[in-house]
Amino acid sequence: MSRVFSGVQPTGDLHLGNYLGAIRNFVGLQDDHECIYCVVDMHAITVWQDPAQLAPHTREVASAFLASGIDPKTSIIFNQSRVSAHAGLAWVFNCVARMGWLNRMTQFKEKAGKHRENASVGLYVYPNLMAADILAYKATHVPVGEDQKQHLELTRDIAIKFNNDFGTEFFPVTEPLIFGEATRVMSLRDGTKKMSKSDPSEYSRINLTDGADDIATKIRKARTDPNELPGTEALDADGTTLRSDAVAERPEAFNLISIYAALSGQDMAATLDQFAGAQFSTFKGELADLSVAKLGPIGAEMQRLMADPGHVDGVLADGAERAAAIAEPILRDVHKIVGFLGA
Ligand code: TYM
């Protein structure tokens, strides 16, 4: 049977990119897969986190999972640090992955920036822990936004090298699931930059807990260009995906159109058809209404859940027990394969 695993960091301020690129896709997968969704608190501390905020931020992500429609009875929701197999397997993978592989990771380069020598060692080996998250459950499918693609390729390389080194077929070669009309949501202030919680401008992103007024204001202030909205001539020959040259020319316009398509559940062609030739003022009004209608109830439910930490903590504790019951025997098998005495 196929098993789905994915993770979200509790670093505060979950945004529309997290929702459309990942969390929303987690929900539908529950119907025909065994799903494990993790709040990756150990990944979060690869950069400084205020200890007083880590628990509330962990509850925020768990609340977003629940408010979006993840069912904690059929799926497993837990926080990473509770299941020690993640750290245990990550150590083995630190010894499988090669320095050269990690040196190619663009996200490390972006996050470490000019202060590479000062970055934590954890930030450098972050992708090995991510591979351990997935493979501790022998997960076959991993839904993520496009920015995680390179990390998932590394996960595949680690599984293949482990299997080769030890002459086994132990780990599956995981498939990334990157789907929907908004796999890479861009900043509302600059269509060439990814929407991200580290952007200093609040107007660059819509947070999942934003109220209706904030959502509408951020959309009204979103950067656009002076032209009318494009039509289906912006599509590739296949008629379903946007032409990259069209997006490069008008990144802000296509970002907003992609957000509309993703939130409405309409495909790109239908969305382009709907607004071809319209003014941005009209389109932004429609986008604001749609965003408030779709995100408002999720934000409100998140607020309600976050006000009831006992319930969320119970979900996470129960999930951790069920997760450990899967991961621990897999880690024991890994210890045997590696040859540890006592395994
Ligand atoms: P994180 O916490 O940065 O983001 C969580 C999810 O949101 C997606 N995402 C986006 N999608 C579209 N547009 C955006 N602007 C955008 N920003 C974020 C991410 O792709 C991700 O799917 N390394 C992971 C967490 C992780 C993980 C794992 C994921 C740890 N272990 C194992 C999958 C499997 C991360 O930093 O996500």
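Above: the structure in question.
Within every chain, residues take consecutive numbers counted from 1 along the sequence as written. Side-chain atom pairs in this predicted model are given and counted only at pLDDT of 80 or more, local residue features only at pLDDT of at least 70, and totals for whole chains, interfaces and linings cover all residues. To get the side-chain values, take all heavy atoms of the structure and skip hydrogens and water.

As for the site of the ligand
Logical step 1: Neighbouring the ligand are 26 residues, the closest being Gln9, Tyr126, Asp133, Asp147 and Val185.
Logical step 2: With respect to the ligand, the backbone of Gly145 contributes an N or O atom lying 2.9 Å from an oxygen atom.
Logical step 3: In short, Shrake-Rupley with a 1.4 Å probe defines the accessible areas, and a residue's cover is counted only from the protein chains shown. About the coverage of the ligand: the protein hides 96% of its 710 Å² of free accessible area.
Logical step 4: Spatially, the ligand is embedded in the largest pocket.
Logical step 5: Among the secondary structure elements, those contributing two or more residues to the shell around the ligand are β1 (3-8), α1 (16-29) and α8 (126-135).
Logical step 6: Split by residue class, the shell around the ligand holds 11 nonpolar, 11 polar and four charged. The cutoff for a nearby residue is simple: one of its non-hydrogen atoms must lie within 4 Å of the molecule or strand. Any pair of nitrogen or oxygen atoms within 3.5 Å is treated as a polar contact; in protein, a donor-acceptor pairing is required on top of that, and neighbouring residues in sequence qualify only through side-chain atoms on both sides. Cavity means a closed set of points on a 1 Å grid over the protein atoms alone, one where a 1.4 Å probe fits but cannot get out, pocket means an open set with protein on both sides within 12 Å along at least 5 of 7 lines, and lining means a residue has an atom within 4 Å of a point. The rule for placing a molecule in a cavity or pocket is simple: more than half of its atoms must lie within 2 Å of the grid points. Helix numbers and strand numbers start at the N terminus; a helix is a DSSP run of H or I with at least 4 residues, a strand a run of E with at least 2. The nonpolar class holds Ala, Val, Leu, Ile, Met, Phe, Trp, Tyr, Cys and Pro. Asp, Glu, Lys and Arg form the charged class, and all remaining residues, Gly among them, are polar.

With respect to the pairing of β1
Logical step 1: Most of β1 is tucked away, with five of its six residues classed as buried.
Logical step 2: Note that β1 and strand β2 (residues 34-39) share six bridges and pair parallel. Bridging across to β2, Ser6 finds its partner in Tyr37. Here the term buried applies to any residue with accessible area under 20% of the maximum for its type, exposed to any over 50%, and partly exposed to those in between, with areas from a 1.4 Å probe on protein chains only. When DSSP locates at least two bridges between a pair of strands, those strands are taken to pair.

A short note on α1
Logical step 1: Helix span, expected: 1.5 Å multiplied by one less than the number of residues in the helix. Its 14 residues give α1 an end-to-end C-alpha distance of 19 Å, which sits within 8% of 20 Å, the value for a rise of 1.5 Å per residue.
Logical step 2: Maximal helix bending in α1 amounts to about 35°, located at Ala22.
Logical step 3: The buried fraction of α1 is high, at 12 of 14 residues.
Logical step 4: Those residues of α1 lying buried are Leu16, Gly17, Asn18, Tyr19, Leu20, Gly21, Ala22, Ile23, Asn25, Phe26, Val27 and Leu29. Values of bend correspond, residue by residue, to the angle between axes fitted over the seven residues ending at that residue and the seven starting there.

What about helix α14 (residues 280-306)?
Logical step 1: Where α14 bends most, at Leu295, the angle is about 35°, and the proline Pro297 comes one to four residues later.
Logical step 2: Turning to α14, its buried residues number three or more, namely Phe280, Phe283, Lys284, Leu287, Ala288, Leu290, Ser291, Leu295, Ile298, Gly299, Met302 and Leu305.
Logical step 3: For α14, the secondary structure elements touched by its buried residues are α1, α3 (51-68), α10 (212-221), α12 (251-264), α13 (268-275) and α15 (309-338). It only takes one pair of heavy atoms within 4.5 Å for two residues to be counted as in contact.

Comments concerning the layout of surface pockets
Logical step 1: Grid points are joined across faces, edges and corners, and a volume is the space filled by probe spheres set on the points. Empty space within the largest pocket amounts to approximately 1,200 Å³.
Logical step 2: Forming the walls of the largest pocket are 42 residues, and the residues nearest its centre are Gln9, Gln107, Asp147, Gln148 and Lys194.
Logical step 3: Residue assignment for the lining of the largest pocket shows that the elements contributing at least two residues are β1, α1, α6 (106-112), α8 and α9 (149-166).
Logical step 4: Considering only residue class, the lining of the largest pocket consists of 13 nonpolar, 18 polar and 11 charged.
Logical step 5: Looking at the second largest pocket, its volume works out to about 490 Å³.
Logical step 6: As for the second largest pocket, its lining consists of 23 residues, and the residues nearest its centre are Glu181, Thr183, Arg184, Leu242 and Ser258.
Logical step 7: Counting residues per element, the lining of the second largest pocket draws most heavily on α12, which supplies five residues.
Logical step 8: When grouped by side-chain class, the residues that make up the lining of the second largest pocket number 12 nonpolar, eight polar and three charged.

Quick word on the pairing of strand β3 (residues 76-79)
Logical step 1: Side chains Ile76 and Phe78 of β3 all project onto a buried face; the interleaved residues Ile77 and Asn79 project onto the opposite face, where all are buried too.
Logical step 2: Here β2 runs beside β3; their pairing, made up of four bridges, is parallel. From the neighbouring strand, Cys38 faces β3, where its bridge partner is Phe78.

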